[in-house]
Amino acid sequence: MDLVLPDALPSDDERAAVDAVLGPATSGWSGGERAIEFEGRVARGGDAHDRRHQLLPVLHALQARAGWISPGGLRYACERLTVPPAEAYGVATFYAMFSTEERPARVVHVCDDIACRVAGAVNLIGDLERELGPERENQILRSPCLGMCERAPAALMQTFGDDASDTAMGPVSMEVLDPFLHSRPLTMMTGAEPVDAAPQALGAREGLRLLRRVGVVDPSSLDDYRAHGGYEALRRAVELGQEGVIREMKDAKLLGRGGAAFPAGVKWEAVAKQSVRPHYFICNADESEPGTFKDRVLMEHDPFAVLESLTIAGYATGSEKGFIYIRGEYPNATSMLEGAIEKAYAHGFLGSDVMGEGFAFDVELRRGAGAYICGEETSLFNSIEGKRGEPRNKPPFPVERGVFGKPTGINNVETLVNVLEVLTLGGEAYARIGTPDSTGPRLFCLSGCVERPGAYEVEHGVTLRELLEMAGGVRDGKALKAILLGGAAGSFVTPDDLDLRLTFEDSKAAGVTLGSGVVMVFDEEVDLAHIVLRIAAFFRDESCGQCVPCRVGTVRQEEALTRVIAGRTNGSLSDELALIGEIGQVMRDASICGLGQLAANAVDSAIHRLKVFDGGAA
Amino acid sequence: VFGAGGGTSSYEEVEHTDLIVLWGSNARETHPIFFHHVLKGIRNGAKLVVVDPRRTTSAEWADLWLGIDVGSDVALSNAMAREIIVSGLVNETFVKRATMRFKAYRDSVMDWTLERGEQATGIPAEVIREFAQAYAKADRAEICWTLGITEHHNAVDNVLSLINLGLLSGHVGRYGSGLNPLRGQNNVQGGGDMGAIPNKLPGFQDIENDPEACARYEEVCGVAVIPRYGKNLTQMFDAMEHGDLSALYVIGENPASSEADVGRARKLLGNLDTLIVQDLFMTKTATMADVLLPASNAALESDGTVTNSERRVQRVRKVLEPPGNAKDDIWIIAQLAKRLGFDWGEVTPRAAWDELRLISPMHAGMTYERLEALGGIQWPCWDQDHEGTLFLHGRLWEEDKAKRGPKAPFSVTPFEPPVDELTDEFPLRLTTGRRLDSYNTGVQTGGYTSPLRRGETIDMSPEDADRLGVVDDEVVRVTSRRGSLDVPVRVDRGLRPGLVFMTLHFPDQVDTNILTIDATDPKSGTAEFKASAVRIEKISESVGA
């Protein structure tokens, strides 16, 4: 190793935490007892490149054990995986949920992102910090969107040590958080949340496809899932054969729901055709776009559907290994999926001979650790490989060289769950849902100043107005001021845009994006300038720093907005707005990945569509 | 064996091979750029075997590390050869078609049983078998070596023994299979290619046995070639000792620090009538010079070409004027020629290069324009339609006997342990090498800071440190049959008991070469820097740590 941490030693607990992930050390060369008489002559390694991908799980184990990644713990992890400490430190510091400084045994990450901010999160954080005082205010951490916007303000509570646990809750208040912070017994919600995250599931349930089992099945029961039609689509897939499945997928014209709208069938076919082996298929469950929570609803309430559709994808693309990469802030969805994977293995729906049909498919769940960028597919690959989640240049595209340099298919949770519908209905019948260019059902995440926030399923083609009405319209009968469509990487629209049909083609024509299905509603009382500033801060914080246009551009964008809002412009207001426009253009043109390319979108639309700053500096 | 000194493979082949062997090479620290290609190979699925007495940072990346006894390389390769032969893994077609003297070689290795191999190398018999089988069975395999092979008294035999393995398994002359010495500087290869070796004209043309090449040289240059090999560095020092050599012109070398048994070397340099040194830095040798010629930096201050380990000739361009009176090497040499009665006029790098192309057939097709357009060209490049050569010796695989050309000979390689024997008086094996952030005698790297650098140390295993009762940073006395010095201890878990390690990066602090033995290989002139016998003594009872 190049750099050493000579004085840092792991505690017994830290050693045990790492060993729990990797198994006991087998050699003095990799952290075990030195046995030089045997090992001074021969060492079998390959450790470095075979196990490097275990770095994130090991760091998670250390973080959960000690509340931080201590130099001693890091050193032991490095010895076990033969990763240079400097590099492992680079990884540990990349992810927001890992701390390389000591933290209290209990911390609360309070979301202060857009929806929670509208719901008063900033005041809540201030109250909490005052209550705890300067000694203990380090128990309160500000977090970007936790993906629980329908129950804002939300929080993620973490306990480290013997009874390590993560709990996500919402809405939170002083009363809810106080017992936790003072280490008093607390009956906390675990497992699934109440179903009101999908309000339609409480109603007539008419026409629900993606949400058909949400609130109906017991998400922890494989038998219940099967009693509700589970694993029939996989059976159908095996009947069709690999090529048959891909044909149905292409007939269905299913476009990816993660934001890029790439035809899923085309992607699957490209992976299937690669001669290099092995192939991988990844379920992108790193749902981190502010305002997005639909995938969480699916994973928490219908986890087997995620597994079944991933298995179908693996089957069709000739992949024997699948990963589900889930964001670290989703403890409930994580535990539901963990349980589902275990049961699927036990009943032969995963493993070396799936359903007795003679094909193998393994699924491994990997947790992210607080990095928005890891939703970008190539960053996600790097993260699975145990590296900093920095995006790669494309080409080569993932279908040729994805995770571990092998052909890789990747779809997000919602896209995959659509596959069940494609196979159940048949590709052509599926394509008749929605519009010719935007087939199938679609989930939208309504949050902010709306009467009944939650994940809604509609067919492509309904208008924004109709969707808003389904959710009961603007809360408390107030007037609509703006809607953020597509998330932080999306753009603002005005009340004049309510007749926009929610399809790929209509949104494109209108110069907006559906993105990940975010529909965040702001009424007349919301201070939009500060919402825009929060979005700029979000991108500055989440930029991975790899490429200059984004690393520098996101900082400059936030600085300029701060000056404008404070009324301390350099030159005139129009000078500043022109500067912001130029910065945005550079980021759009020259950034490596979508984060930088889209980081100016919302800001730009706030300036030009909403004309937030037209009244002069706010 | 093959007629020209150069790695047979290109870097890209290392990325696409199935088995990479680093033998006597800590490439991760000493050839970090090349190691990037190794890492890509590993990422693409290649297995890595590292043969090195020390468990180096390169060895940490290996699938299999063999910690052999220093200087037992021939024993290991001979035992591997026998295993390959008795297991029926010899590439019969290749051996029959393209090699000669196989029978003599086979007979010479047949008593190298795995057990004897284990005895001589310290590597368990079954591990030798595993390595031999893996190498012979690999579809494609690359052996790469550096000074761990060549800084021995039997350096040439070490190299030949590795070539034997390549011939035996047919791992040469094909894409992804080859035999590669890694060069220590960006242009060591180019120095040899240009004829800066005592027995070759430019382009590896033999001075004594290639009248055609000599005639070509005479025609182009207008002077006769004296058809006699010159002296290598070791022979020069012997000649100084015998009084046969009284003037020395040293360009960019620092023998007063880098020679083994450096005390003797300095004495001989001091006795010269004339010592001329041409260098960028005031090296130890430069301080002894009668005439000092300030040179310019090859990377930034002069135009020309360099040739890397994959035989790729590349253009170098001047971006800075040299400071003060420092001059380009070509200018200095031309001025010297003028004073000696040969006025070459104004010599440009390009004119010198074009003259070389007339003398050296393997460079003939490399015009400056083509070097620029193609991003460098790998020799041989016979004419301007030739694209250069990705890997050497592909001819050995030709169906047509005429195209196949001369056969490659096996060599009988007897095992000779290191000269400096281990005894009760000198029980520890000292081996030397380099670290990532320093280069040779430190002339080029001493001016830069590095967070890794700790100055010179003697590295030893924790077990030896315990036995001697010494701790990290404690200064100890190290003594060999030639000399004695004091140096701080660095405990290194990568060493086993009995094996200690030093560098020669800090001659002003610790003159490591006072300890090393100047037993040299008569065939290559290289000294056995890698194997000295030493003892270590604790200096005081007051532990300073």
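What you see is a predicted model, and the numbers here were worked out from it, not measured in a lab. (Residues numbered from 1 in each chain as written. Chains lettered and ligands numbered in written order. Predicted model: local features only at pLDDT ≥ 70, side-chain atom pairs only at ≥ 80, totals over all residues. Heavy atoms only, no water.)

1. What about the overall build of chain B?
Moving on, step 1. Counting its regular elements, chain B contains 21 helices and 21 strands.
Moving on, step 2. Against the 2.2 N^0.38 benchmark of 24 Å for 545 residues, chain B shows a C-alpha radius of gyration of 24 Å, consistent with a compact globule.
Moving on, step 3. Principal-axis analysis of the C-alpha atoms gives chain B an extent of 65 × 60 × 45 Å.
Moving on, step 4. By residue count, 53% of the 545 residues in chain B fall in the buried class.
Moving on, step 5. Restricting to contacts in chain B with at least 6 residues of sequence separation, those with at least 24 account for 69%.
Moving on, step 6. When the accessible area of chain B is evaluated, it comes to approximately 23500 Å², of which 52% is carbon and sulfur surface.
Moving on, step 7. Charged side chains in chain B number 58 positive and 79 negative. The centres of these two groups are separated by 3 Å. (Helix = DSSP H or I, 4+ residues; strand = E, 2+ residues; numbered from the N terminus. Rg over C-alpha atoms; globule rule 2.2 N^0.38 Å. Buried < 20%, exposed > 50% of the residue type's maximum accessible area, 1.4 Å probe, protein only. Contact = heavy atoms within 4.5 Å. Areas by Shrake-Rupley, 256 points an atom, 1.4 Å probe, with all protein chains shown as cover. Lys, Arg positive; Asp, Glu negative; His and termini not counted. Charge placed at Lys NZ, Arg CZ, Asp CG, Glu CD.)

2. Some remarks on the overall build of chain A
Moving on, step 1. Counting its secondary structure elements, chain A contains 25 helices and 16 strands.
Moving on, step 2. Taking 25 Å as the expected radius of gyration for a compact globule of 618 residues, we find that chain A reaches 24 Å, a close match to that expectation.
Moving on, step 3. With respect to the three principal axes, the spread of C-alpha positions in chain A is 80 × 65 × 50 Å.
Moving on, step 4. Counting every position in chain A, which comprises 618 residues, the buried fraction comes to 60%.

3. What to know about the sheet that holds strand β9 (residues 408–412) of chain A
All names here are of chain A.
Moving on, step 1. Overall, parallel pairing links the 4 strands, which are arranged β8-β7-β6-β9 in an open sheet. The open sheet is flanked by β8 (362–367) and β9, the only strands paired with a single partner. The average angle at which neighbouring strand axes cross in this sheet is 20°, direction not considered.
Moving on, step 2. In this fold helix α15 (residues 331–346) packs onto β7 (319–326) and β8, with an angle of close to 165° to the strand it touches most, β8. (Pairing = 2+ DSSP bridges. Axes fitted to C-alpha atoms, helices over the stretch in contact; angles between N-to-C directions.)

4. Section: the confidence of the model for chain B
Moving on, step 1. Per-residue confidence for chain B gives a mean pLDDT of 91; residues scoring 70 or more make up 98%.
Moving on, step 2. Scored as a whole, the predicted complex attains pTM 0.82, and scored at its interfaces, ipTM 0.81. (pLDDT = per-residue confidence, 0-100.)

5. Considerations on the nonpolar core
Moving on, step 1. The biggest cluster of nonpolar side chains holds 153 residues, and the ones touching the most others in it are Y95, W268, I312, I324, F492 and F522 of chain A.
Moving on, step 2. By size, the runner-up hydrophobic cluster in this structure holds 48 residues, among which are V109, F131, L167 and L396 of chain B. (Core = buried A, V, L, I, M, F, W, Y, C linked by side-chain atoms within 4.5 Å.)

6. Regarding the pairing of strand β5 (residues 165–169) of chain A
Residue and element names in this part refer to chain A.
Moving on, step 1. Alignment of strand β4 (residues 155–159) against β5, held across 5 bridges, turns out to be antiparallel. Looking at the pairing, M157 lines up with T167 of β5.
Moving on, step 2. Taking the residues between adjacent antiparallel strands as the criterion, β4 and β5 are bridged by 5 residues, where G161 takes a positive phi near 105°.

7. Comments concerning helix α17 (residues 329–339) of chain B
All names here are of chain B.
Moving on, step 1. When α17 is considered as a whole, its buried residues turn out to be I332, A334 and A337.
Moving on, step 2. Buried residues belonging to α17 abut β9 (247–251), β10 (274–279) and β11 (291–294).
Moving on, step 3. At the N-terminal boundary of α17, the capping side chain belongs to D328, with an oxygen 2.9 Å from the backbone nitrogen of I330. (Polar contact = N/O pair within 3.5 Å; in protein donor to acceptor, adjacent residues only side chain to side chain.)

8. Regarding the packing of helix α11 (residues 232–252) of chain A against helix α12 (residues 264–273) of chain A
All names here are of chain A.
Moving on, step 1. Between α11 and α12, the shortest axis-to-axis distance is 7 Å and the interhelical angle comes to 150°. With respect to α12, the axis of α11 lies roughly antiparallel. Judged by residue contacts, V245, I246, M249 and K250 of α11 engage A264, G265, V266, W268, E269 and A272 from α12.
Moving on, step 2. Here the residues of the contact of α11 with α12 are counted per class, giving 7 nonpolar, 1 polar and 2 charged. (Parallel < 35°, antiparallel > 145°, perpendicular 65-115°, else oblique. Nonpolar A, V, L, I, M, F, W, Y, C, P; charged D, E, K, R; others polar.)

9. Here we look at helix α8 (residues 125–137) of chain B
Moving on, step 1. Here α8 of chain B spans 18 Å end to end across 13 residues, near enough to the 18 Å set by a 1.5 Å rise per residue.
Moving on, step 2. Those residues of α8 of chain B not exposed but buried are A125, V127, I128, F131, A132, Q133, Y135 and A136 of chain B. (Expected span 1.5 Å × (residues − 1).)

10. Structural notes on empty space enclosed by the protein
Take a probe with the size of a water molecule and roll it over the atoms, and the empty space left behind shows itself.
Residue and element names in this part refer to chain A.
Moving on, step 1. Here the structure, examined in full by the defined rule, presents 5 cavities of 30 Å³ or more.
Moving on, step 2. Size it by volume and the largest cavity reaches roughly 70 Å³.
Moving on, step 3. As for the largest cavity, its lining consists of I373, P391, S543, C544, G545, Q546, C547, C550, S591, I592, C593 and L595.
Moving on, step 4. When its residues are assigned to classes, the lining of the largest cavity shows 8 nonpolar, 4 polar and no charged. (1 Å grid on protein atoms, 1.4 Å probe; cavity = no way out; pocket = protein on both sides within 12 Å on 5 of 7 lines; lining within 4 Å. Points joined across faces, edges and corners; volume = space filled by probe spheres on them.)

11. Topic: the packing of helix α1 (residues 12–22) of chain A against helix α4 (residues 55–66) of chain A
Residue and element names in this part refer to chain A.
Moving on, step 1. Running from N to C, α1 and α4 cross one another at 145°; their axes reach a closest spacing of 9 Å. In the packing of α1 onto α4, the handedness of the crossing is right-handed. Each of D13, E14, A17, V18, V21 and L22 in α1 lies in contact with α4, whose residues at this interface are P57, V58, A61, L62, R65 and A66. (Left-handed = near helix turned anticlockwise from the far one by under 90°.)

12. As for the interface of chain B and chain A
Moving on, step 1. Opposite the 30 residues of chain B that make contact, chain A presents 25 residues.
Moving on, step 2. A combined buried area of about 2300 Å² lies between chain B and chain A, and 46% of that area is made up of carbon and sulfur atoms.
Moving on, step 3. Summed over the three residues of chain B that lose the most area to chain A, namely R43, W65 and R493 of chain B, the buried surface amounts to 26% of that side.
Moving on, step 4. Run the count over chain B and chain A and you get 4 salt bridges.
Moving on, step 5. Where D69 of chain B meets R41 of chain A, a salt bridge forms, and the shortest distance between an N and an O atom there is 2.9 Å. (Buried area = accessible area lost by both parts, 1.4 Å probe. Salt bridge = Lys/Arg side-chain N within 4 Å of Asp/Glu carboxyl O.)

13. Description of the sheet that holds strand β13 (residues 312–316) of chain B
Residues and elements named next belong to chain B.
Moving on, step 1. With antiparallel pairing, 3 strands are arranged side by side in an open sheet as β12-β13-β14. Two strands in the sheet have a free side with no partner beyond their single neighbour: β12 (304–307) and β14 (377–378).
Moving on, step 2. Here β12 pairs with β13 via 4 bridges, running antiparallel. Each bridged residue has a counterpart across the sheet, and for T305 the counterpart in β13 is R315.

14. Here's the deal with the pattern of salt bridges
Moving on, step 1. Here the structure, examined in full by the defined rule, presents 72 salt bridges over all chains.
Moving on, step 2. Salt bridges here are not isolated pairs; linked through shared partners, they connect D112, D113, R117, R142 and R534 of chain A.

15. Some remarks on the pairing of β9 of chain B
All names here are of chain B.
Moving on, step 1. Side chains L248 and V250 project from β9 onto a buried face, and the interleaved A247, Y249 and I251 project onto a face without burial.
Moving on, step 2. Judged from the 5 bridges that link them, β9 and β10 form a sheet pairing that is parallel. Its bridge partner being in β10, V250 is matched across the sheet by V277.

16. Here's the deal with the packing of aromatic side chains
Moving on, step 1. For the structure on display, the rule yields 22 aromatic pairs over all chains.
Moving on, step 2. With centroids separated by 5.7 Å and ring planes inclined at 80°, the aromatic side chains of W268 of chain A and F281 of chain A adopt a geometry described as edge-to-face. Taken together, the residues span a long stretch of sequence, with W268 of chain A in helix α12 and F281 of chain A in strand β6 (residues 279–285) at a distance of 13 residues.
Moving on, step 3. Owing to a relative accessible area of 0%, F281 of chain A belongs among the buried residues under this scheme.
Moving on, step 4. The ring centre of W331 of chain B lies 5.0 Å from the NZ or CZ of K327 of chain B, which sits over that ring. (Phe/Tyr/Trp six-rings, centres within 6.5 Å; stacked < 30°, edge-to-face > 60°. Lys NZ or Arg CZ within 6 Å of the ring centre and 35° of its normal.)

17. Side note on the environment of V354 of chain A
Residue and element names in this part refer to chain A.
Moving on, step 1. For V354, the location among the structural elements is in the loop between α15 and β8.
Moving on, step 2. Placed 43 residues apart in sequence, V354 and T311 show a C-alpha to C-alpha distance of 8.9 Å.
Moving on, step 3. Those residues in contact with V354 that sit more than four places away from it in its chain are L234, T311, G348, F349, F359, A360 and F361.

18. Here's the deal with a nonpolar patch on the surface
Moving on, step 1. Side chains of V223, Y249, I251, I333, L336, L340, F342 and W344 of chain B sit close together on the surface and give an oily, nonpolar patch of about 730 Å² of accessible area.
Moving on, step 2. Note on placement: W344 of chain B falls in the loop between α17 and α18 (349–359). (Patch = residues over 30% accessible without salt bridge, like charges linked within 9 Å, V, L, I, M, F, W, Y side chains within 5 Å.)

19. A short note on the environment of A465 of chain B
Residues and elements named next belong to chain B.
Moving on, step 1. You can see A465 is positioned in helix α21 (residues 462–468).
Moving on, step 2. A sequence separation of 32 residues divides A465 from P497, and the C-alpha atoms of the two residues are 9.0 Å apart.
Moving on, step 3. Discounting residues that sit within four places of it in the chain, A465 has contacts with M460, V470 and V491.

20. As for unusual backbone geometry
As a rule of thumb, non-glycine residues mostly have phi less than zero, and peptide bonds are mostly trans rather than cis.
Moving on, step 1. Cis geometry marks the peptide bond from K394 of chain A to P395 of chain A, where omega comes out at -5°.
Moving on, step 2. Cis peptide bonds are those with omega within 30 degrees of zero, and the linkage from W379 of chain B to P380 of chain B qualifies with 0°.
Moving on, step 3. Counting through the fold element by element, P380 of chain B comes out in the loop between β14 and α20 (401–404).
Moving on, step 4. Its identity as a non-glycine residue notwithstanding, K253 of chain A has a phi of 55°, on the positive side.
Moving on, step 5. Inspection of the secondary structure assignment puts K253 of chain A in the loop between α11 and α12.

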